[in-house]
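Structural features, examined
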Amino acid sequence: MKHALSTLFLPALLSCAASGTAERSSGDLIGIDSFALAARYGTPASYQHLGEYLQLNYGSVAAGCKFIVLVDQQQRVAGWASKGKSCMAR
């Protein structure tokens, strides 16, 4: 199930890059634990469960940057995407 979810959802999540999304270096977030993520970005605006993953939503496009993070069951960042004009400034 974990592999199936990542092959279906992660490409869709990361496809934002093809539509004007600003990206950070993948080494910047992938693999860090959720405590380091919280220390860096604070409390997410919302979240939802996606099978074995937890999707954390930060910011909003209206505010200039929407940032989505997938956290696995070991509380590590498994994937992320961002969209908005001010995302590159972060």
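Preceding this section is the structure that the text describes.
Report follows, based on the coordinates. Everything numeric here is computed off the predicted structure, so don't read it as measured data.

Some remarks on the sheet that holds strand β3 (residues 65-71)
As summarised here, the arrangement of the four strands in space is β1-β2-β3-β4, forming an open sheet in which the pairing is antiparallel. In this open sheet, the two strands that pair with only one neighbour each are β1 (46-50) and β4 (77-83). Strand-to-strand, the axes of this sheet are offset by a mean angle of 15°, without reference to chain direction. Two strands pair when backbone bridges link them, and β1 and strand β2 (residues 53-60) are joined in this way by five bridges, in the antiparallel orientation. Its bridge partner lying in β2, Tyr-47 is registered against Leu-56.

Overview of helix α2 (residues 34-41)
Listing the buried residues of α2 in full gives Ser-34, Leu-37 and Tyr-41. Buried residues of α2, seen end-on, are gathered within an arc of 55° and therefore sit on one face of the element. Every exposed residue of α2 that faces more than 90 degrees away from the buried side is listed here: Phe-35 and Ala-39. At its buried positions, α2 is contacted by β2, β3 and β4. Positive phi appears at Gly-42, one or two residues downstream of α2, with a value of about 80°.

Here's the deal with the packing of aromatic side chains
Enumeration according to the criterion identifies four aromatic pairs in this entry. With a centroid separation of 5.0 Å and an interplanar angle of 45°, the aromatic rings of Tyr-41 and Phe-67 are classed as tilted. Of the two residues, Tyr-41 sits in helix α2 while Phe-67 sits in strand β3, which places them 26 residues apart along the sequence. Neither residue differs from the other here; Tyr-41 and Phe-67 are each classed as buried. Plain terms: the ring middles of Phe-67 and Trp-80 are 6.1 Å apart, the flat faces sit at 45° to each other, and that makes the pair tilted. Of this pair, Phe-67 sits in strand β3 while Trp-80 sits in strand β4, and the two are 13 residues apart along the sequence. Residues Phe-67 and Trp-80 agree in their burial class; the two are buried. Ring pairs connect the aromatic residues Tyr-41, Tyr-58, Phe-67 and Trp-80, which therefore count as one cluster.

Considering the environment of Tyr-53
Within the element layout of this structure, Tyr-53 appears in strand β2. Judged by relative accessible area, which is 7%, Tyr-53 ranks as buried. Linking Tyr-53 and Val-77, residues 24 residues apart in sequence, is a C-alpha distance of 9.6 Å.

Conventions used here
- Residues numbered from 1 in each chain as written.
- Predicted model: local features only at pLDDT ≥ 70, side-chain atom pairs only at ≥ 80, totals over all residues.
- Heavy atoms only, no water.
- Pairing = 2+ DSSP bridges.
- Helix = DSSP H or I, 4+ residues; strand = E, 2+ residues; numbered from the N terminus.
- Axes fitted to C-alpha atoms, helices over the stretch in contact; angles between N-to-C directions.
- Buried < 20%, exposed > 50% of the residue type's maximum accessible area, 1.4 Å probe, protein only.
- Arc of directions from axis to C-beta.
- Contact = heavy atoms within 4.5 Å.
- Phe/Tyr/Trp six-rings, centres within 6.5 Å; stacked < 30°, edge-to-face > 60°.

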